[in-house]
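Residue-level structure breakdown
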Amino acid sequence: MEEAMKATSEPIVYRDVAIAIKVEKAGAHVFGHADLFKKDQFKGRISLGSARARSKEVRDRLRCLAKAKVDVWTTVESIAAPH
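Residues numbered from 1 in each chain as written. Predicted model: local features only at pLDDT ≥ 70, side-chain atom pairs only at ≥ 80, totals over all residues. Heavy atoms only, no water.

This paragraph deals with the confidence of the model for the protein. The predicted model of the protein averages 87 in pLDDT, with 88% of residues at 70 or higher. Counting contacts from residues 1–7, a segment whose pLDDT is below 50, to residues more than four positions away or on other chains yields eight contacts. (pLDDT = per-residue confidence, 0-100. Contact = heavy atoms within 4.5 Å.)

Structure below.
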C-alpha cells in the first residue's frame with residue numbers, strides 16, 4: 001500500500017477506508033483516480049476524466065464517488081453479517 005500511496009494525495013480516512021486521490025492535467029483534459037485501501041490492502045480504484053472540468057472539480061467528484069463506494073461496501077457487509 002505504501003508504494004501506491006506515495007504517488008497520490010495525502011489519504012483521507014472514511015469508515016476505516018483510506019482514500020488516496022491523484023489528479024493530473026494533460027492539455028485540456030483532467031484525469032484522476034481514487035485508490036481505496038482497507039487494513040493496508042488495496043481494495044479498488046475509481047477513475048474519472050473530463051475535458052470540461054477543472055482539477056478541483058474532478059478531485060471533489062472522485063472523493064464523493066469513493067465515499068459512495070465505501071457506503072455500499074458497508075451496507076453489503078452489514079446485510080451479510082450474521083445477526
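Still to come is the rest of the account.
This next bit is on the packing of aromatic side chains. Within the structure shown, the criterion is met by one aromatic pair. On the numbers, 5.7 Å between centres and 70 degrees between planes, the contact of Phe37 with Phe42 is edge-to-face. (Phe/Tyr/Trp six-rings, centres within 6.5 Å; stacked < 30°, edge-to-face > 60°.)

This part takes up unusual backbone geometry. Residues other than glycine seldom take positive phi values, yet Asp16 does so here, at roughly 65 degrees. Positionally, Asp16 belongs in the loop between β1 (12–14) and β2 (17–26). According to the relative accessible area criterion, Asp16 is exposed, its value standing at 64%. (Helix = DSSP H or I, 4+ residues; strand = E, 2+ residues; numbered from the N terminus. Buried < 20%, exposed > 50% of the residue type's maximum accessible area, 1.4 Å probe, protein only.)

A separate point is the nonpolar core. Counting 12 residues, the largest nonpolar core is built from Val17, Ile19, Ile21, Val23, Val30, Ala34, Leu36, Ile46, Val58, Leu62, Ala66 and Val70. Those elements that place two or more of their residues in this core are β2, β3 (29–38) and α2 (55–80). Excluding residues within four positions of it along the chain, Leu62 makes contact with Ile21, Lys22, Val23, Gly32, His33, Ala34, Ile46, Ser47 and Leu48. (Core = buried A, V, L, I, M, F, W, Y, C linked by side-chain atoms within 4.5 Å.)

This model, assessed by the stated rule, comprises five salt bridges. Here Asp71 and Arg15 are joined by a salt bridge, their closest N and O atoms 3.5 Å apart. Remark: Arg15 occurs in the loop between β1 and β2 and Asp71 occurs in helix α2; sequence separation between them is 56 residues. Via salt bridges that share partners, Lys56, Asp60 and Arg63 belong to a single interconnected network. (Salt bridge = Lys/Arg side-chain N within 4 Å of Asp/Glu carboxyl O.)

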